[in-house]
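Here is how the chains run, residue by residue.
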Amino acid sequence: MSDPLDPSRAPDLVLASVRHPGEEICLDVHLRAGVVSAIIPSRRDSGALPAATRVVELDGRYVIPGLWDEHVHMTQWALASNRLDLSGAGSAREAAAVVGAHIVGAHMAGDTSAGAGNCAGAPGPVQTLVGVGFRDAIWPDLPSLDLLDGVTRGRPTALISHDLHSVWLNSAAAQQYGVPVDAGGLLREEPAFDLTRELGQLPDAVVDPWVRQAGQAAAARGVVGIVDFEMTWNPDAWLRRISGGFAALRVEAGVYPQDLDRAVAEGLRTGLSVAGAGGLLSVGPLKVLIDGSLNTRTAYCVDPYPNGGHGLLTVREAELLALLVRARQAGFVPAVHAIGDAANQVALDAFEAAGIAGRVEHAQFVRREDFARFGRLGVTASVQPAHALDDRDAAEANWPGRTDRSFPLRSLLAAGATLALGSDAPVAPLDPWIAMSAATARARLDGRGPWHAEQALTRQEALTASSRGRGRLRVGDPADIAVLDGDPLTVSDAEFAAMPVAATLVAGRFTYCG
């Protein structure tokens, strides 16, 4: 395929009359060969420019480096947009009622697939109804097989939790997929991941357009790149999508331990540009999950949960160390999923013993003595600030008296850690402004006050953590740029969370223009 990011093919472009955030002086940003070649005071005379240069007048809008979402499950995010939304359910009974109403509505409309086109599941003898987004950690009642069976009329039904770490099934779905469930109807951790992957086995011709739409929506929010941690072999899927016309974003495709041998055999390593992808695809980190999640009470913690458990360490310490040593030898940057404070301790111990830097994904609950270890060991804290607001009640219930060190963005940054912001979509929306708003305000616009406001970031810090440390557009940067209608340093909290994006460019080419 032709390379859309080939510098020799990128036109010369001037973004005229733009401003840096917090400044009044208008500038012209010159782009050449996919790079920021000059930033100079605005001039109305274009006579000195080469004849082929395109000048785009932006009337005093603001320019920032393009934004990255450092943690996405892209296929799951695209699928979630086409499945039954259960995020508003405040109890198991409410969630079951939503499912029942959907099935009744589909039956009355004569849809014998129970809404398969709108709530896509895996093909099978009978199309499965798939719902997403339930949060049972703070429900007053418990999911059960009987409750879901009572509303589903025998239709196979699988409901995926918001954090992807559990699936609530009815009897028909358990039988169709051959998975054992107890009276609660819940699968957790690896069995849940396995079924979630199976539920996503839809035709490429269905999923790829949804992924393309999701990419276009992300570009419209100023996103220029994602790190995709979809739990499958990702490079081939992205090569197919890019060959089919996907061009909205740069993609770094993560690799999981079960595919590490294949990746090494194919000569892959973190940061390598994948041939045939037009410059849009490179190899991401090696993703290792070592504990569960807060919602399922499986995040591995030093102190017990109210129910008496400590969560799960899903990878033994010796096995984790061996994986990190292998990653170092193979040229992969490790990205270790660690949510609980005990899991973060285990991850940092392994990084130190292996003598390799990398990333901790989530770092939601951290011992005070471990904050400085992130910086000292060169371990990036890849964090998802929106989860702090989604999970504040669950955190207070399950980590009582200790939430001053949960979602500890300020403590990590003050101790010398590097922060990288993301969404974990579909756990939270693929929208960096929602993440940055959560990081800076520590509150939603719903009347509830800030939650542990002492852990908030400044807006400039949030922008820097969302743009791979760039923070401000400079000469020599890749021409991955977002153009904003407002000054992100001075607009109101509400405007910041919903920041209007006028345009997005990747390598000097417009991927979105509002």
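In case you missed it, the structure is sitting above this.
Here the structure is a predicted model, which means the values were calculated and not measured.

S.K.: Got a minute to help me understand the sheet that holds strand E1 (residues 13-19) in this structure?
M.R.: Each strand in a sheet pairs with its neighbour through backbone hydrogen bonds, running either in the same direction (parallel) or in the opposite one (antiparallel). Ordered by their spatial adjacency, seven strands build an open sheet running E3-E2-E1-E4-E18-E19-E20, and the pairing between neighbours is mixed. Every other strand in the sheet has two partners, leaving strand E3 (35-41) and strand E20 (509-513) as the edge strands with one partner each. Pairwise comparison of adjacent strand axes, ignoring direction, gives a mean angle of 40° for this sheet. Of the pairings in the sheet, the one linking strand E19 (residues 501-506) to E20 comprises four bridges and is antiparallel in character. Residue alanine 503 lies in a different strand from E20, and its bridge partner there is cysteine 513.

S.K.: Would you mind showing me how to read the pairing of strand E7 (residues 129-134) here?
M.R.: Among the six residues in E7, six count as buried, and that is most of the element. Bridge analysis of strand E6 (residues 84-85) against E7 gives two bridges, and the strand direction is parallel. The residue bridging aspartate 85 from the neighbouring strand is valine 132, located in E7. Viewed along the sheet, the connection from E7 through helix H3 (residues 145-152) into strand E8 (residues 157-161) turns out right-handed.

S.K.: Quick question: what am I supposed to make of the pattern of salt bridges here?
M.R.: A pair can form between side chains of opposite charge whenever their charged atoms are brought close. If you walk through the whole model with that rule in mind, you get 34 salt bridges. For aspartate 208, the salt bridge is made with arginine 240, and the minimal N-O distance between the two is 2.8 Å. One end of the pair, aspartate 208, is in helix H6 (residues 204-219); the other, arginine 240, is in helix H7 (residues 235-243), and 32 residues separate them in sequence. Note that arginine 405 and aspartate 341 form a salt bridge whose closest N and O atoms lie 3.0 Å from each other. You can see arginine 405 sitting in the loop between helix H13 (392-398) and helix H14 (409-414) and its partner aspartate 341 sitting in helix H10 (residues 341-354), a full 64 residues away along the chain. A single burial state applies to arginine 405 and to aspartate 341, both of which are buried. Through salt bridges with shared partners, one network takes in Asp349, Glu352, Arg367, Glu369, Asp370, Arg373 and Arg376.

S.K.: Looking at this structure, how should I read the packing of aromatic side chains?
M.R.: Each aromatic ring pair is summarised here by two numbers: the centre-to-centre distance and the angle between the ring planes. Inspection of the entire model under this criterion finds seven aromatic pairs. On the basis of an interplanar angle of 70° and a centroid distance of 6.2 Å, the ring pair of phenylalanine 134 and tryptophan 168 is categorised as edge-to-face. Of the two residues, phenylalanine 134 is situated in strand E7 and tryptophan 168 in strand E9 (residues 166-169); the sequence distance between them amounts to 34 residues. In this pair, the class of phenylalanine 134 matches that of tryptophan 168, namely buried. Ring pairing ties together the aromatic residues Phe134, Trp139 and Trp168, which thus form one cluster. Over the ring of phenylalanine 229 we find lysine 287; its NZ or CZ atom is 4.8 Å from the centre of that ring.

Rules used in this analysis
Residues numbered from 1 in each chain as written. Predicted model: local features only at pLDDT ≥ 70, side-chain atom pairs only at ≥ 80, totals over all residues. Heavy atoms only, no water. Pairing = 2+ DSSP bridges. Helix = DSSP H or I, 4+ residues; strand = E, 2+ residues; numbered from the N terminus. Axes fitted to C-alpha atoms, helices over the stretch in contact; angles between N-to-C directions. Buried < 20%, exposed > 50% of the residue type's maximum accessible area, 1.4 Å probe, protein only. Right-handed = clockwise from strand over helix to strand, strands pointing away. Salt bridge = Lys/Arg side-chain N within 4 Å of Asp/Glu carboxyl O. Phe/Tyr/Trp six-rings, centres within 6.5 Å; stacked < 30°, edge-to-face > 60°. Lys NZ or Arg CZ within 6 Å of the ring centre and 35° of its normal.

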